Amino acid sequence: MRKYSADLTKVFPRDTAEEKRLFNLIKMAYVDGRYNPDFKVTKQDIDALFPKVELLRDITQQLCEAKIEEYGRMI
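In this report, we go over the structure that sits alongside the text. These numbers come from a predicted model, not from an experiment.

1. A short note on the environment of Lys3
Consideration 1: Counting through the fold element by element, Lys3 comes out in the segment before α1 (17-35).
Consideration 2: It is 26 Å that separates the C-alpha atoms of Lys3 and Asp32, two residues lying 29 residues apart in sequence.

2. What about the packing of aromatic side chains?
Consideration 1: Applying the stated criterion across every chain yields a total of one aromatic pair.
Consideration 2: Ring geometry for Phe12 versus Phe23: centroids 5.5 Å apart, planes at 65°, classification edge-to-face. Of this pair, Phe12 sits in the segment before α1 while Phe23 sits in helix α1, placing them 11 residues apart in sequence. Grouping residues by exposure puts Phe12 and Phe23 together as buried.
Consideration 3: The ring of Phe23 is capped by Arg14, whose NZ or CZ atom sits 4.0 Å from the centre of that ring.
Consideration 4: For the cation-ring pair, Arg34 lies above Tyr30, with the distance from its terminal atom to the ring centre recorded as 4.7 Å.

3. Topic: the side chain of Asp45
Consideration 1: The topology assignment puts Asp45 in helix α2 (residues 43-74).
Consideration 2: Separated by 2.6 Å, the side chains of Asp45 and Arg21 make a polar contact.
Consideration 3: Beyond its immediate chain neighbours, meaning those up to four positions away, Asp45 contacts Arg21, Leu22 and Leu25.

4. Some points on a nonpolar patch on the surface
Consideration 1: The grouping of Tyr30, Val31 and Tyr35 at the surface amounts to a nonpolar patch, some 380 Å² of accessible area in total.
Consideration 2: Tracing the sequence through the fold places Tyr30 in helix α1.

Reading guide: rules and limits
- Residues numbered from 1 in each chain as written.
- Predicted model: local features only at pLDDT ≥ 70, side-chain atom pairs only at ≥ 80, totals over all residues.
- Heavy atoms only, no water.
- Helix = DSSP H or I, 4+ residues; strand = E, 2+ residues; numbered from the N terminus.
- Phe/Tyr/Trp six-rings, centres within 6.5 Å; stacked < 30°, edge-to-face > 60°.
- Buried < 20%, exposed > 50% of the residue type's maximum accessible area, 1.4 Å probe, protein only.
- Lys NZ or Arg CZ within 6 Å of the ring centre and 35° of its normal.
- Polar contact = N/O pair within 3.5 Å; in protein donor to acceptor, adjacent residues only side chain to side chain.
- Contact = heavy atoms within 4.5 Å.
- Patch = residues over 30% accessible without salt bridge, like charges linked within 9 Å, V, L, I, M, F, W, Y side chains within 5 Å.
- Areas by Shrake-Rupley, 256 points an atom, 1.4 Å probe, with all protein chains shown as cover.
- Salt bridge = Lys/Arg side-chain N within 4 Å of Asp/Glu carboxyl O.

Next up, the structure:
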């Protein structure tokens, strides 16, 4: 994530066991949420992940808009 933007590392800093667990949970959710019928996420985990996902969305949007603007200036 750092190669795209240092801001992305703020979403999942992974400096505690809980941060690492949440990061791994969101990674697993991408595949297991689709294909593993036994994959479950608790309400507590959803509540912890929701603000992180919103922050990730906002940072990604800013990065994309900046890149689009940069490419627009090149034309």
